[in-house]
Amino acid sequence: MPRTLLGATPADDLLRLIPVDLGWRPRPREAGREMVVEASAAPRHLTGVRPRPAAAVPGDDPATSTVAAPVLAFRKVSRDYRSAGGAVLRALREASGEVGAGEVVAVTGRSGSGKSTLLHLAAGIDAPSGGEVLLLGRPLAALSDGERTRLRRDHVGLVFQFFHLLPHLSALENVLVPALVAGDPPAVSEDRGRALLGRVGLAGRAGEPVQKLSGGELQRVALCRALLRRPGLLLADEPTGNLDEESGRAVLDLLLGLARDEGSAVLYVTHSAELAAAADRIWTLHSGVLERTR
Ligand SMILES: Nc1ncnc2c1ncn2[C@@H]1O[C@H](COP(=O)(O)OP(=O)(O)OP(=O)(O)O)[C@@H](O)[C@H]1O
Ligand SMILES: [Mg+2]
């Protein structure tokens, strides 16, 4: 992608809108700016364009490693928020659960029950008040900022309710942003980006500015962007929440179909019992308490 295109994008927007590809540095939300973003300063390595086993732990020797770690594990994870008046709100209470390689888990629960908090902790966007979160077997809290950034950039894809695409870029350019940031070879990434857009029925719209696309089409572009670098884990916070029932169902089917084909594990949030039923397993949150209901 020509750099000039992104040159027209306010840097702050770019950083805010594709945080997971750049790597978010977890900071207490109380610290002022809600989220601080930092591009990795590490040497560019080009792992992202090669298929990799979903549960591979970076640094592990496959010859000696016999048991695959879960892609994601929560171990008695709590998250407390402190109000200005000093009251403590327990958004998560000792939540435990694992997502295995290629496994699909739906998270349901009422508004305010802690679903987004759980996803933010999984991505390392936020840090727990207690317990630990392991991504590919590695405790996020024990990693340096650079290690956490690379782990997230290379192994996690994110899909949001409101798409978070860059409006003046084309569908293909939006899909390719994570590869540009990671320094992947442009030709290989573009082939993969076009192939993904083809898989979601948007081959003919690749050059279209995303401003011209419908909600369901935008979410499909966002899905391609999240899968571009073959993440072992796809995190989706109400990916169909802004779509009508029919488009929502179609996007979820695509999301799960693509993730299964690619071997990506998925943790997705939904309010809909019907959409949750499409998962291998269901976690339900009740006021921060995680219950594994299936
Ligand atoms: N930065 C914050 N500061 C204080 N409280 C917060 C903060 N973020 C979330 N909360 C509170 O934590 C609880 C869980 O919030 P969370 O966003 O995880 O809920 P949710 O299940 O995703 O809800 P929804 O379905 O409405 O998106 C809520 O009571 C919310 O008000
Ligand atoms: Mg939420």
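K.L.:
Help me understand the sheet that holds strand β9 (residues 233-237) in this model?
P.N.:
Where strands meet in a sheet, backbone hydrogen bonds hold them as pairs that are either parallel or antiparallel. Here we have 6 strands laid out as an open sheet, ordered β8-β9-β10-β5-β11-β12, and mixed in their pairing. One side of each edge strand has no neighbouring strand; the edge strands of this open sheet are β8 (156-159) and β12 (289-292). Shown here is a sheet whose adjacent strand axes are inclined to one another by a mean of 20 degrees, direction ignored. Pairing of β9 with strand β10 (residues 265-269), which is carried by 5 bridges, proceeds in the parallel orientation. Bridge assignment links Leu233 to a residue of β10, and that residue is Ala265. Taken strand by strand, helix α8 (residues 215-227) contacts β8 and β9, and its axis lies near 170 degrees from that of β8.

K.L.:
How should I be thinking about the site of ligand 1 in this particular structure?
P.N.:
Surveying the vicinity of ligand 1 reveals 12 residues, the closest of which are Tyr81, Ala91, Ser111, Ser116 and Thr117. Secondary-structure elements contributing two or more residues to the shell around ligand 1 are β4 (88-99) and α4 (115-122). Here the shell around ligand 1 gets 3 residues from one element, more than from any other, and that element is α4. When its residues are assigned to classes, the shell around ligand 1 shows 3 nonpolar, 7 polar and 2 charged.

K.L.:
Honestly, helix α7 (residues 186-199) in this entry has me stumped. Any pointers?
P.N.:
Count 3.6 residues to each turn of an α-helix, and residues three or four apart come out pointing the same way. The end-to-end C-alpha distance of α7 is 20 Å, a good match for the 20 Å that 14 residues give at a rise of 1.5 Å each. Along α7, the residues classified as buried are Ser189, Arg192, Gly193, Leu196 and Leu197. Here the buried residues of α7 occupy an arc of 135 degrees about the axis, which is enough to place them on one side. Looking at α7, the residues exposed on the side facing more than 90 degrees away from the buried face are Ala187, Asp191 and Ala195.

K.L.:
Any chance you could explain the pairing of β10 here in plain terms?
P.N.:
Within a regular strand, the side chains alternate between the two sheet faces. Burial runs high along β10: 5 of the 5 residues are buried. Of the two faces of β10, the one carrying Ala265, Leu267 and Val269 and the one carrying Val266 and Tyr268 are both buried. In the sheet, strand β5 (residues 104-109) pairs with β10 via 4 bridges, with the strands oriented parallel. Paired with Val104 across the two strands is Val266, which belongs to β10. As for the winding sense of the linkage, the β-α-β connection from β9 through helix α9 (residues 245-262) to β10 is right-handed.

K.L.:
Teacher, can you tell me more about the packing of α8 against α9 here?
P.N.:
Any two packed helices are characterised by the angle at which their axes cross and by the distance between the axes. In the contact formed by α8 and α9, the axes pass within 10 Å of each other and the chain directions differ by 15 degrees. On the basis of their axis angle, the class for α8 and α9 is roughly parallel. Here the hand of the crossing between α8 and α9 comes out right-handed. Along its contact with α8, which presents Gly215, Gly216, Gln219, Arg220, Leu223 and Leu227, the element α9 presents Ser247, Ala250, Val251, Leu254, Leu255, Leu258 and Glu262. By residue class, the composition of the contact of α8 with α9 is 7 nonpolar, 4 polar and 2 charged.

K.L.:
Explanation requested: the sheet that holds strand β3 (residues 72-82) in the structure shown.
P.N.:
A sheet is described by the order of its strands in space; here 4 strands give the open sequence β4-β3-β6-β7, paired in antiparallel fashion. Strand pairing shows two members of the sheet lacking a second neighbour, β4 and β7 (138-139), which therefore form its edges.

K.L.:
Any chance you could explain the nonpolar core here in plain terms?
P.N.:
One recurring pattern in soluble globular proteins: nonpolar side chains tend to sit buried together. Val221, Leu235, Val266 and Leu267 are the most contacted members of the largest nonpolar core, which totals 76 residues. The greatest single-element share of this core, amounting to 8 residues, is contributed by helix α6 (residues 171-182). Every residue in contact with Val266, bar those within four places of it in the chain, is listed here: Val104, Val105, Leu234, Ala236, Leu256 and Ala259.

The rules behind each value
Residues numbered from 1 in each chain as written. Chains lettered and ligands numbered in written order. Predicted model: local features only at pLDDT ≥ 70, side-chain atom pairs only at ≥ 80, totals over all residues. Pairing = 2+ DSSP bridges. Helix = DSSP H or I, 4+ residues; strand = E, 2+ residues; numbered from the N terminus. Axes fitted to C-alpha atoms, helices over the stretch in contact; angles between N-to-C directions. Contact = placed C-beta atoms within 7 Å. Near = placed C-beta within 6 Å. Nonpolar A, V, L, I, M, F, W, Y, C, P; charged D, E, K, R; others polar. Expected span 1.5 Å × (residues − 1). Buried ≥ 20, exposed ≤ 12 C-beta atoms within 10 Å, placed from the backbone. Arc of directions from axis to C-beta. Right-handed = clockwise from strand over helix to strand, strands pointing away. Parallel < 35°, antiparallel > 145°, perpendicular 65-115°, else oblique. Left-handed = near helix turned anticlockwise from the far one by under 90°. Core = buried A, V, L, I, M, F, W, Y, C linked by C-beta atoms within 7 Å.

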